[in-house]
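# An overview of the molecular structure
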Amino acid sequence: MCGIVAYIGHREACPIILKGLHRLEYRGYDSAGVALLNDGELSVYKKKGKVAELEKFIAEKDTHANIGMGHTRWATHGEPNDVNAHPHYSTSERIAIIHNGIIENYAALKEHLQEQGHVFHSDTDTEVFVNLIEEIQKKNQGSLEQAVRLALHEVIGAYAIVVLSKDNPGQLIAARKGSPLVVGIGENEFFLASDATPIIEYTSDVVYVNDYELVVIKDGEMDVRSREDVKQTPYIQKLALELDRIEKGGYEHFMLKEIFEQPRSILDSMRGRLEMEAGHLNMGGVRAYERKFVNADRILIVACGTSWHAGLVAEYLFEDLARVPVEVEYASEFRYRNPIITERDIVIAISQSGETADTLAALELAKSRGATIFGVCNVVGSSIARATDAGAYTHAGPEIGVASTKAFTAQVTVLTLLAMIVGHKRGTLTDTRLRELMVELETIPAKVEKALELNTEIMQIAEIFKDSTNFLYLGRGYNFPVALEGALKLKEISYIHAEGYPAAEMKHGPIALIDENMPVVVIATKDSSYEKVVSNIQEVKARKGRIIAVVTEGDTVIPAMAEFTIEVPATSEVLMPLVSVVPLQLLSYHIAVLRGCNVDQPRNLAKSVTVE
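So, here is what we can say about the structure in this document.

## Re the nonpolar core
In terms of nonpolar packing, the biggest core is built from 93 residues, with Phe 318, Ile 348, Phe 374, Phe 471 and Tyr 473 touching the most fellow members. Those residues within four positions of Phe 374 in sequence are excluded, and the remaining contacts are Met 283, Gly 285, Val 286, Phe 293, Val 347, Ile 348, Ala 349, Thr 388, Ala 390, Gly 391, Ala 392 and Leu 418. Judged by nonpolar contacts, the second largest core, of 31 residues, contains Ala 13, Val 51, Ile 58 and Phe 191.

Below you can see the structure in the form of structure tokens.
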């Protein structure tokens, strides 16, 4: 959500910033802009729409500069338009700012600043921030750095900011609280961004800025200090990200590429953890907290969106394999109902980006109540990874498509391994059963590969249903969360209304919607609920619903009832979500493409929701 790119060094800043903004388009945005500082002149150019619109707008402008910053905005305060786009000038136009996050007390600050003579042109909270900095500097007659630091003490909310001033032509200032910011370190040059994707092309040395830290870059040096002006020693990390992982690689869309990457991403999430020769599982992040897991009274899972669906799969896994009570919570609601949390609880926070604001807030609450926090995320060095007691990375690689696909299966893979480890340590998963699941888990990448061979067949089904206005998705047991995920994918990228339900719940309301125009996607693989699902399909068929059934290879019963069947390879009921979700991802993708939707950047959505 929103994207920041900034550069200071010896190169032309504008091309680097624009390329970086393109790299961040996947985060979701509705306008873009740049600020360039050259020979004491601070120029701001911004435009509603895509980065391409900004590029057209500045094509004839003088964009020569060795220091600058750019931003892609996802609207919160104020509608998407040119005026509300970032960067924002201060009243004097001597200072400019870009900002990710939300300033909660902006209204009170704005009223005070208007009384001091500041004039506002936008509806944003960000313009309040930059005028606050200017007012503090004018009042105290101090440095820009001091003014930014004092302003950070007055604002309430979340932020990642970059500030330029025409009075400080060789200086760039940045700070963060609750919104991600990373600094890339080159030779006498620095790159700043919301994540590493705009940086990897230039350097692999990065510093992840911590909450309440202020970064000042000047004369080829970087100084990092706390909000209280205490010097910090930044930890420089090496990026493992490869440039080709953030390119389309010949695919029409990132989403399709990422769907087809799942055999690899699932394998990478198991690599080094599933040790077949030794016959045991190894997850380094669990080792120090093994007794906590074994003795836990309860596991709480907090997540949002697709990660929440992965958490629902984990609920089945932990209760089935480890016999631990599990509650799966929407992170966005968790801390607003005064939840009961104890020191004997384990809280698992799941987030692809590791920056999801609601999930981060939920885990901070749980941490304050004494719970042990375990993180499952994909981005190394992310806020959640740093805030948790322990955790496991999913190793899915960068996911650029806004609609999550490979992140879901990677999360489910890691959570499956974790449930197996905990179950075995608790004695609820026998050596024999553990070995059986390990053997079957090793075959999953190949089975996902086989499911992907259904692409052409699914494309043909998509052609038939692309103009539908509603879909129902039904599943039971382990496949119920898959039904929810399938419905979410369709909603996200095709804008078709879709709902997922436990198949048995259909009779408690949704069955009223079924008629000859209603597509009903049923995940009906061979498992302990199979006979019940067959009955549910018959109920839909009796009301002339159009049934698309995902079945196990070789099934002869359901194909005789369903209008369309998609056969996936057989696997253990415990592992089936890793396979059965793949056709639903492909179905959503092809329907969206046929409807002419922007698959990788759906309207109104952001990849990483970094504001509450």
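## Comments concerning the environment of Val 574
On the secondary structure map, Val 574 appears in the loop between β26 (564–568) and α19 (577–594). Residue classification places Val 574 among the buried positions, given a relative accessible area of 5%. A sequence separation of 135 residues divides Val 574 from Val 439, and the C-alpha atoms of the two residues are 13 Å apart. Aside from chain neighbours lying at most four places away, what touches Val 574 is Leu 317, Asp 320, Leu 321, Arg 433, Leu 437 and Tyr 478.

## Observations concerning the sheet that holds strand β21 (residues 390–393)
The strand order β18-β17-β19-β20-β21 describes an open sheet built from five strands, whose pairing is parallel. One side of each edge strand has no neighbouring strand; the edge strands of this open sheet are β18 (326–330) and β21. With direction set aside, neighbouring strand axes in the sheet form an average angle of 20°. Bridge count for strand β20 (residues 372–377) against β21 is four bridges, and the pairing is parallel. Opposite Val 376, over in β21, you have Ala 392 as the bridge partner. Of the strands in this sheet, β17 (298–303), β18 and β19 (345–351) touch helix α10 (residues 305–322), which is tilted by about 175° from β18. This element, helix α12 (residues 357–368), spans β17, β19 and β20 of the sheet and lies at about 165° to β19.

## A look at the side chain of Arg 73
Note that Arg 73 resides in strand β4 (residues 67–73). Within the buried core, Arg 73 has no salt-bridge partner, and the shortest N-O distance to an opposite charge, that of Asp 30, equals 4.2 Å. At a separation of 3.3 Å, a polar atom in the side chain of Arg 73 contacts the main-chain carbonyl oxygen of Glu 79. The contacts of Arg 73, once residues within four sequence positions are left out, are Cys 2, Tyr 29, Asp 30, Ser 31, Gly 78, Glu 79, Pro 80, Asn 84, Ala 85, His 86 and Thr 124.

## Quick word on the sheet that holds β26
Taken in spatial order, the five strands line up as β23-β22-β24-β25-β26 in an open sheet, and their pairing is parallel. Each edge of the open sheet is held by one strand with a lone partner, namely β23 (497–502) and β26. When strand polarity is set aside, the average angle formed by the axes of neighbouring strands in this sheet is 20°. By the bridge criterion, five bridges tie strand β24 (residues 519–523) to strand β25 (residues 546–552) in an arrangement that is parallel. Directly across from Ile 523, in β25, lies its bridge partner Val 550.

## Comments concerning the packing of aromatic side chains
Taken as a whole, this structure holds ten aromatic pairs when the rule is applied. An angle of 35° between the planes, with centres 6.0 Å apart, marks the rings of Tyr 251 and Phe 260 as tilted. In this structure Tyr 251 comes out as partly exposed when scored by relative accessible area, which is 33%. Look at Tyr 316 and Tyr 478: their rings are 5.4 Å apart centre to centre, the planes differ by 40°, and that puts the pair in the tilted class. One end of the pair, Tyr 316, is in helix α10; the other, Tyr 478, is in the loop between β22 (470–475) and α17 (480–494), and 162 residues separate them in sequence. Look at Tyr 316 and you get partly exposed, because its relative accessible area is 29%. These aromatic residues form a ring-pair network of at least three members: Phe 465, Phe 471, Tyr 473 and Phe 564. Seen from the ring of Tyr 29, Lys 50 lies directly overhead, with NZ or CZ sitting 4.6 Å from the centre. Positioned over the ring face of Phe 57 is Lys 61, at 5.0 Å from the centre of the ring.

## Concerning helix α5 (residues 144–154)
Of all the residues in α5, the buried ones are Leu 144, Glu 145, Ala 147, Val 148, Arg 149, Ala 151 and Leu 152. Structurally, α5 contributes buried residues whose contacts are with β6 (95–100), α4 (125–140), β7 (159–165), β8 (171–177), β12 (213–218) and β13 (221–226).

## Structural notes on the side chain of Glu 213
Inspection of the secondary structure assignment puts Glu 213 in strand β12. Notably, Glu 213 is buried but unbridged: the nearest opposite-charge side chain belongs to Arg 386, and the N-O separation is 6.3 Å.

## Some words on the pattern of salt bridges
Inspection of every chain in the model, using the stated rule, returns 31 salt bridges. The salt bridge involving Arg 344 is made with Asp 297; its shortest N-O contact spans 2.8 Å. Taken together, the residues span a long stretch of sequence, with Arg 344 in the loop between α11 (331–334) and β19 and Asp 297 in the loop between α9 (290–295) and β17 at a distance of 47 residues. A residue is classified by how much of its surface remains accessible, and Asp 297, at 39% relative accessible area, is partly exposed. Taken together, the shared-partner salt bridges in this structure form one network comprising Glu 145, Arg 149, Asp 223, Arg 225, Asp 229 and Lys 231.

## Here's the deal with the pairing of β6
Judged by how many residues are buried, β6 sits mostly within the fold: six of six residues are covered. Alternating residues of β6 divide into Ile 95, Ile 97 and His 99 and Ala 96, Ile 98 and Asn 100, and every residue in both groups is buried. Pairing of strand β5 (residues 88–89) with β6, which is carried by two bridges, proceeds in the antiparallel orientation. Opposite Tyr 89, over in β6, you have Ala 96 as the bridge partner. Counting the residues that bridge the hairpin from β5 to β6 gives five residues, and of these Glu 93 lies at a positive phi of roughly 60°. Examined bridge by bridge, β6 and β7 share six bridges and lie antiparallel to one another. Bridged to Ile 95 within β7 is Ser 165.

About the criteria used
- Counting from 1, residues in each chain are numbered in the order their sequence is written.
- In keeping with the model being predicted, local features are shown solely for residues with a pLDDT of at least 70 and side-chain atom pairs are shown and tallied solely at 80 or more, while totals for entire chains, interfaces and linings include all residues.
- Side-chain descriptors were evaluated using all non-hydrogen atoms of the structure, hydrogens and water having been removed beforehand.
- By nonpolar core is meant a set of buried Ala, Val, Leu, Ile, Met, Phe, Trp, Tyr and Cys residues that side-chain atoms within 4.5 Å join together.
- Burial status follows relative accessibility: with a 1.4 Å probe on protein chains alone, a residue under 20% of its type maximum counts as buried, one over 50% as exposed, and anything between as partly exposed.
- Any two residues having at least one pair of non-hydrogen atoms within 4.5 Å are treated as being in contact.
- By the criteria applied, helices consist of DSSP H or I runs no shorter than four residues and strands consist of E runs no shorter than two, each listed in order from the N terminus.
- A pair of strands is labelled paired if DSSP reports no fewer than 2 bridges between them.
- Axis definition: a line fitted to C-alpha atoms, limited for helices to the stretch in contact. Angles are taken between N-to-C directions and run from 0 to 180 degrees.
- We score Asp and Glu as negative and Lys and Arg as positive, and we do not count His or the chain ends.
- Put simply, a salt bridge is a Lys or Arg side-chain nitrogen that is within 4 Å of an Asp or Glu carboxyl oxygen.
- Residues adjacent in sequence count toward polar contacts only when both atoms are side-chain atoms; beyond that, a polar contact is any pair of N or O atoms within 3.5 Å, and within protein one must be able to donate a hydrogen and the other to accept it.
- Under the pairing criterion, centres of Phe, Tyr and Trp rings, with the six-membered ring standing for Trp, must be within 6.5 Å; the plane angle then separates stacked pairs below 30 degrees from edge-to-face pairs above 60, leaving the rest tilted.
- Definition used: whenever NZ (Lys) or CZ (Arg) falls within 6 Å of the ring centre and also within 35 degrees of the ring normal, the charge is taken to sit over that ring.

The values are spatial; any link to function lies outside them.
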